[in-house]
Amino acid sequence: MKTYKIVLLPGDGVGPEVTQVAHDVLATVADLHHRRFTFETHLIGGAAIDATGEPLPEATLEACRTSDAVFLGAVGGPKWDKAAKRPEQGLLGLRKELGLFANIRPLFIYPELVERSPLKREYVENVDFVVFRELTGGLYFGERERGPTFASDQCVYTSGEVERIARSAFAAARARRGKVTSVDKANVLETSRLWREVVTRVAADYPDVELEHALVDSMSMQLIRQPRAYDVILTENMFGDILSDEASVLGGSIGLAPSASLGVGGPGLFEPVHGSAPDIAGQDICNPVGGILSAALLLRYGLRLNDEADAVEAAVETTIARGARTKDLGGQLGCRAMGQTIIERIKDASAPARHQVQMHWG
Ligand code: IPM
Ligand code: MG
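**Details of the pairing of strand E11 (residues 258–262)**
Most of E11 sits inside the fold, with five of its five residues counted as buried. Side chains of E11 alternate between two faces, with Pro 258, Ala 260 and Leu 262 and Ser 259 and Ser 261 buried alike. Pairing between strand E4 (residues 102–108) and E11: three bridges, direction antiparallel. The residue bridging Ala 102 from the neighbouring strand is Leu 262, located in E11.

This is how it looks when you write it as structure tokens:
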């Protein structure tokens, strides 16, 4: 039996709480589906700075490199605002070192949570899109300079970097509703003009996929006005960072949103979209669903275990349909209790399947 090595990086703030729940979910699924997972926990972010002085210790990086998938809770917090090194450098370093150029953030709305969305029902019902954000280029990784009275951050993109994320987005659209909305600022930025050219060229290889271009300022408005119009949203690093936070509130709470960061060949990184939320950390009140759905993405895209991923997603769906709610969704359940409710659903749902196998063998 193959053993899958999963590295857990709890990090800061609510990170450890959601990572614990994600671990318990993964361990449950492994048990029910007869898979062997090993878990290794390592330091990242502020927690790593406190313990070692480095936001991404060598031991962490090495463990991730030799893993099958990485789960990350969250990094950052006001505690390290004045530190020489920032917790975020841990996450950015990991993205770069693992070559995770594609950040994938699906957004859909559970029918039972439509009333929790800040938008009216007629705008958000049936919203279902996915953001493909380029993750290892642009402003995030350009050269930086700082003088006493000036600062600069360089934004560089190569056509190769644009092409690989564009191809991932078109391939995804092909398996979905066949539409890519590419977001840039081509009326101002040279990198965006390159972006638009390359994306248009790539689109020629996917004649069955519709391509539209949008300027990022207008897109931030349209995302609220007509969120149902989107299928795959393709964009560069900084615009994707901003638009994906905007998108995450449509679903009712940022606490629900999962993400996957993927490269070629190596392990992927899976993390909830919500950050470290230091104001509610350690109180067992954060929503574990974003983390649990990230664990489902880890199963599906990290380990290629589709049935296991389905089981987790179905359990979350049923749990929400039956009315279980954390505080961010107007409910009473704590992080652990919500996690436990979902774990019970996973176990329930598995029972009939195992029974059928026994019948068959009998
Ligand atoms: C995200 C976060 C990160 C980013 C931070 C923590 C560096 O906001 O994953 O969206 O800006 O990419
Ligand atoms: Mg962000």
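**Some words on the domain arrangement of the protein**
By domain assignment, the protein separates into domain 1 (1–100 + 253–362) and domain 2 (118–251). The C-alpha-based centres of domain 1 and domain 2 are spaced at 25 Å. For the pair domain 1 and domain 2, the summed buried surface comes to about 860 Å²; carbon and sulfur atoms form 62% of the total. Its largest share of buried area at the contact with domain 2, domain 1 owes to Leu 92, Arg 95 and Lys 96, together 48% of the area lost on that side. One can count zero salt bridges joining domain 1 with domain 2. Looking at which element gives the most residues to the side of domain 1 that touches domain 2, the answer is helix H4 (residues 88–97), with three residues.

**Describing the site of ligand 1**
Taken together, Glu 88, Arg 95, Arg 105, Arg 133, Tyr 140 and Asp 241 form the complete shell of residues around ligand 1. With respect to ligand 1, the side chain of Arg 105 contributes an N or O atom lying 2.9 Å from an oxygen atom. Within the side chain of Tyr 140, a nitrogen or oxygen atom sits 2.5 Å from an oxygen atom of ligand 1. Within the complex, the protein chains bury 77% of what would otherwise be the 320 Å² of accessible surface of ligand 1. Under a 2 Å grid-point criterion requiring more than half of the atoms, the pocket assigned to ligand 1 is the second largest pocket. Its residues assigned to classes, the shell around ligand 1 shows one nonpolar, no polar and five charged.

**Concerning the packing of aromatic side chains**
Per the stated rule, a full pass over the model turns up five aromatic pairs. Relative to Phe 39, the ring of Phe 37 has its centre 6.4 Å away and its plane inclined at 85°; by these criteria the two rings are edge-to-face. Residue classification places Phe 37 among the buried residues on the basis of a relative accessible area of 10%. Measuring from centroid to centroid gives 5.7 Å for Tyr 157 and Trp 195, while their planes differ by 70°, and the two rings are edge-to-face. Of the two residues, Tyr 157 is situated in the loop between strand E7 (151–153) and helix H6 (159–174) and Trp 195 in helix H7 (residues 190–203); the sequence distance between them amounts to 38 residues. Accessibility expressed as a relative area gives 8% for Tyr 157, which makes it buried. Look at Trp 195 and you get buried, because its relative accessible area is 2%. Three or more aromatic residues link up through ring pairs in this structure, and these residues are Tyr 4, Phe 37 and Phe 39. Taking the ring centre of Phe 141 as reference, the NZ or CZ of Lys 96 above it sits at 4.7 Å.

**Regarding the nonpolar core**
Phe 37, Phe 132, Leu 234, Leu 299 and Leu 303 are the most contacted members of the largest nonpolar core, which totals 67 residues. When residues are assigned to domains, this core turns out to be shared by domain 1 (1–100 + 253–362) and domain 2 (118–251), each giving three or more. Core analysis: the second largest hydrophobic core is formed by 19 residues, Val 114, Val 216, Leu 223 and Phe 239 among them.

**What to know about empty space enclosed by the protein**
Over the atoms rolls a probe the size of a water molecule, and its path tells where empty space is left. Across all of its chains, the model carries two cavities of 30 Å³ or more by this definition. One number sums up the size of the largest cavity: a volume of about 80 Å³. If you go around the largest cavity, the residues you meet are Pro 106, Leu 107, Phe 108, Tyr 110, Ser 248, Gly 251, Ser 253, Leu 256, Ala 257, Pro 258 and Leu 293. In terms of residues, the lining of the largest cavity owes the most to one element, E4, which gives three residues. Split into classes, the residues belonging to the lining of the largest cavity amount to eight nonpolar, three polar and no charged. When its volume is computed, the second largest cavity comes out at roughly 60 Å³. Around the second largest cavity sit Arg 105, Pro 106, Leu 107, Phe 129, Val 131, Ser 244, Ala 247, Ser 248, Ala 257, Pro 258 and Val 273, which together line it. Among the elements of the structure, E4, strand E5 (128–134) and helix H9 (237–248) are those that each provide at least two residues to the lining of the second largest cavity. Tallied by class, residues from the lining of the second largest cavity come to eight nonpolar, two polar and one charged.

How each quantity is defined
Residues numbered from 1 in each chain as written. Chains lettered and ligands numbered in written order. Predicted model: local features only at pLDDT ≥ 70, side-chain atom pairs only at ≥ 80, totals over all residues. Heavy atoms only, no water. Buried < 20%, exposed > 50% of the residue type's maximum accessible area, 1.4 Å probe, protein only. Helix = DSSP H or I, 4+ residues; strand = E, 2+ residues; numbered from the N terminus. Pairing = 2+ DSSP bridges. Domains from an automatic or database assignment. Buried area = accessible area lost by both parts, 1.4 Å probe. Salt bridge = Lys/Arg side-chain N within 4 Å of Asp/Glu carboxyl O. Near = heavy atom within 4 Å. Polar contact = N/O pair within 3.5 Å; in protein donor to acceptor, adjacent residues only side chain to side chain. Areas by Shrake-Rupley, 256 points an atom, 1.4 Å probe, with all protein chains shown as cover. 1 Å grid on protein atoms, 1.4 Å probe; cavity = no way out; pocket = protein on both sides within 12 Å on 5 of 7 lines; lining within 4 Å. Sits in = over half its atoms within 2 Å of the grid points. Nonpolar A, V, L, I, M, F, W, Y, C, P; charged D, E, K, R; others polar. Phe/Tyr/Trp six-rings, centres within 6.5 Å; stacked < 30°, edge-to-face > 60°. Lys NZ or Arg CZ within 6 Å of the ring centre and 35° of its normal. Core = buried A, V, L, I, M, F, W, Y, C linked by side-chain atoms within 4.5 Å. Points joined across faces, edges and corners; volume = space filled by probe spheres on them.

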